[in-house]
Every structure is written in structure tokens, then in C-alpha cells.
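# Descriptive structure summary
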Amino acid sequence: MRFLLDLATSFGSTLRDVAPIVLVLVVFQALVLRQKLPRLKQIVTGFALVVVGLSLFLVGLNDALFPIGETMAAQLTASNVATTENEVVWTDYIVVYAFAAAIGFATTIAEPPLIAVALKAQSASGGAISAWALRLSVAVGVAFGVSLGCFRIVTGTPLQWYIIACYAIVLILTLFASRKIMPLAYDSGGVTTSTVTVPVVAALGLGLASNIPGRSPLVDGFGLIAFASVFPIMSVLSYSLINAKLARLKTIRPPKEL
């Protein structure tokens, strides 16, 4: 009964959120383009599927993904007892950093928008860009970023200095990276923070901040998504620079004597 009530509530809120988008499209089609909607039956079916899918996703998000992330963060920090009430030793949370890296890597590999972008990049480049290599490089970036974000929560250091330093590195890498890879690298930072990664990472940050002495869930619990967005840009740009360097080494390497 509770599941049906949650589903009905989620369905109503989703319908309310999606309705303005449909209204704008219909009004634009009727008043600006002055044409009938093509394939009306398919559009209505797709709209219904979107509402149902988003409703189920929101229910699963609230009932499963958020509680799992918070529970795991609580369990991982439960064994770390501070020597004083507000003293936190960052080395006591090595397992938390490792778990954050693992969950960041796993959720990114399974991220549907990243899979779609990687496949499109492989197709548009004629196979020059490997979809699997792109997904791996992005996932490594997210793993490192989420782990560093958890370190920031544990230590309580200011978020802005991390973000400023990260984007400074991104700007430096952009100066040396190929123009062909730059748009894809910047897009990779956006597609990683989507339906799979955001709920788990956000719940992990809130759970971690709630269970560490002296940390505030509002001040310290958020910010992991920013790390998960900027580090994929760095990893993809670095991957392209390394590949370009290896390619140059192969071309200038003298042939072996017979």
C-alpha cells in the first residue's frame, strides 16, 4: 500500500513537472510553425512512457538509492572513533576513500548518457575514438574525483580551493590538448552526473558528513557532484595528450636494423 501511495505521489509530481515542457512544444508547433504535430500517437505514447519511467525512478531513488548510500557511509565511518570529540584523523578513513573511488567508477561505467555519447563519438570519429576507452577514462576521473571529495569532507577543508585548482588544471590542459577532443572532454564532465551517479554519490556525501564529528551535512555533505564533473574533463584531456605523445614517439622511433 505504501509503495502504491508513493508511486501515485511521484506520478502526480512528475506529470506536473513534465507538463510545461509539453505545453511549450505544443504551443510553439501550433502558433509559430503553424503545423500539426507529426506522429501524434507516437508522441503521446512516448510522453506516457516518460512520465511512468520517471515516476518509478523517483520512487526507487527515495526508497533504495539514497538509503543505500547513507547506510554504507554510516557503516564505513562507524568503526572510526576520533580521539577527541571534534578531532578527525584523515588516515582513519582510507576505506571510505577506496569505497568512494569504487562506487564512482562503477556508477559512471553504467551511466546511460555516457554510453550514448561514447558510442556517438566512436561513430563520428570513424573509430579513431574508442567508446570503451572513453568510458574508462571518464570513469577513472570520476573515481578519483569522488575519492578526493570524500577526503575534503573528512578534513573539512574549503570546497572552493579544490574547485579553483581543478579548473586551473583544466585550463592548462586545454591549452595543449587537440581541438578535436576538447568539446568531447567538456561534454564528458556533464554526462557523468546523471541518473545513476548523482543519487548514489549525493547520498554518500550526505551520509559521510552526517557521521563525522564536526561536519555539517548542509555545508560539507554537498560538493561531490562538482568533483565528479570536473575530473572527467581532466582525465579525458590527459588521455588525449598521452595518446598524442605515444603516437609521436612511434613516428620518430628509428626502424630496427636487420
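Description of the structure in this document. Every value quoted in this text rests on a predicted model; they were computed, and no experiment measured them.

About the cut-offs
- Residues numbered from 1 in each chain as written.
- Predicted model: local features only at pLDDT ≥ 70, side-chain atom pairs only at ≥ 80, totals over all residues.
- Heavy atoms only, no water.
- Helix = DSSP H or I, 4+ residues; strand = E, 2+ residues; numbered from the N terminus.
- Buried < 20%, exposed > 50% of the residue type's maximum accessible area, 1.4 Å probe, protein only.
- Contact = heavy atoms within 4.5 Å.
- Areas by Shrake-Rupley, 256 points an atom, 1.4 Å probe, with all protein chains shown as cover.
- Lys, Arg positive; Asp, Glu negative; His and termini not counted.
- Charge placed at Lys NZ, Arg CZ, Asp CG, Glu CD.
- Axes fitted to C-alpha atoms, helices over the stretch in contact; angles between N-to-C directions.
- Parallel < 35°, antiparallel > 145°, perpendicular 65-115°, else oblique.
- Left-handed = near helix turned anticlockwise from the far one by under 90°.
- Nonpolar A, V, L, I, M, F, W, Y, C, P; charged D, E, K, R; others polar.
- Patch = residues over 30% accessible without salt bridge, like charges linked within 9 Å, V, L, I, M, F, W, Y side chains within 5 Å.
- Salt bridge = Lys/Arg side-chain N within 4 Å of Asp/Glu carboxyl O.
- Phe/Tyr/Trp six-rings, centres within 6.5 Å; stacked < 30°, edge-to-face > 60°.
- Expected span 1.5 Å × (residues − 1).
- Core = buried A, V, L, I, M, F, W, Y, C linked by side-chain atoms within 4.5 Å.

## Side note on the overall build of the protein chain
Each helix and strand counted, the protein chain has 9 helices and 0 strands in total. Counting every position in the protein chain, which comprises 258 residues, the buried fraction comes to 35%. The contacts of the protein chain with a sequence gap of at least 6 include a subset with a gap of at least 24, amounting to 79%. With an accessible surface of roughly 15400 Å², the protein chain has 71% of that area assigned to carbon and sulfur atoms. Of the side-chain charges in the protein chain, 17 are positive and 11 negative, and the distance between the mean point of each set is 22 Å.

## Some thoughts on the packing of helix H5 (residues 131-155) against helix H8 (residues 197-211)
Contact pair H5 / H8: the axes reach a minimum separation of 10 Å and the direction vectors enclose 20°. Between H5 and H8, the crossing angle belongs to the class labelled roughly parallel. Once H5 is placed against H8, the crossing between them reads as right-handed. Of the residues in H8, those touching H5 at Val146, Cys150, Ile153 and Val154 are Val201, Leu204, Gly205, Leu208 and Ala209. Of the residues assigned to the contact of H5 with H8, the class counts are 8 nonpolar, 1 polar and no charged.

## A closer look at the side chain of Thr108
Counting through the fold element by element, Thr108 comes out in helix H3 (residues 94-109). Among all residues touching Thr108, those that are not within four sequence positions of it are Leu114, Val138, Ala139, Val142, Thr192 and Thr197.

## Focus: a nonpolar patch on the surface
On the surface, a nonpolar cluster with roughly 660 Å² of combined accessible area is contributed by Ile21, Val22, Leu25, Val26, Leu37, Leu40, Ile43 and Val44. Ranked by the residues each element gives to the nonpolar patch, the list is headed by helix H1 (residues 2-32), at 4 residues.

## A look at the side chain of Ser240
Its place among the elements puts Ser240 in helix H9 (residues 224-252). Those residues within four positions of Ser240 in sequence are excluded, and the remaining contacts are Ala177 and Ile181.

## Focus on the packing of H3 against H5
As a packed pair, H3 and H5 sit with axes 7 Å apart at the nearest point and diverge in direction by 145°. Between H3 and H5 lies a crossing of right-handed hand. Class assignment of the residues belonging to the contact of H3 with H5 gives a composition of 17 nonpolar, 3 polar and 1 charged.

## Thoughts on the environment of Leu4
On the secondary structure map, Leu4 appears in helix H1. Look at Leu4 and you get exposed, because its relative accessible area is 52%. Measuring from C-alpha to C-alpha, the distance between Leu4 and Val59 comes to 9.9 Å, with 55 residues separating the pair along the chain.

## Concerning the packing of aromatic side chains
Taken as a whole and judged by the stated rule, the model has 5 aromatic pairs. Taking the centre distance of 6.0 Å and the plane angle of 65° together, the rings of Tyr97 and Phe151 count as edge-to-face. Taken together, the positions of Tyr97 in helix H3 and Phe151 in helix H5 put the pair 54 residues apart, joining distant regions of the chain. Phe151 gets classed as partly exposed once you look at its relative accessible area, which sits at 24%. Centre to centre, the rings of Phe227 and Phe231 are 6.4 Å apart; their planes meet at 15°, and the pair counts as stacked. You can see Phe227 and its partner Phe231 sitting in helix H9, 4 residues apart, about one turn around the helix. Residues Phe227 and Phe231 agree in their burial class; the two are buried. In this structure an aromatic cluster arises from ring pairing among Phe144, Tyr162, Phe227 and Phe231.

## Observations regarding H5
For H5, with 25 residues, the first-to-last C-alpha span of 36 Å sits near the 36 Å given by 1.5 Å per residue. Within H5, 18 of the 25 residues are buried, which leaves it mostly tucked inside the rest of the structure. The first or second residue beyond H5 is Gly156, which carries a positive phi of 75°.

## A word on the nonpolar core
Judged by nonpolar contacts, the single largest core of 41 residues is most densely connected at Leu134, Val146, Cys150, Leu208, Met234 and Leu237. At the level of secondary structure, the elements contributing two or more residues to this core comprise H3, helix H4 (112-124), H5, helix H6 (159-176), helix H7 (182-191), H8 and H9. Ranked by residues supplied to this core, first place goes to H9 with 9 residues. Ignoring sequence-local partners within four residues, the contact set of Cys150 consists of Val96, Tyr97, Ala100, Leu204, Leu208 and Leu224.

## Quick look at H8
In this model, H8 (15 residues) spans 21 Å end to end at C-alpha, consistent with the 21 Å of a helix rising 1.5 Å per residue. For H8, the buried fraction is high: 12 of the 15 residues fall into the buried class. Of all the residues in H8, the buried ones are Thr197, Pro199, Val200, Val201, Ala202, Ala203, Leu204, Gly205, Leu206, Gly207, Leu208 and Ala209.

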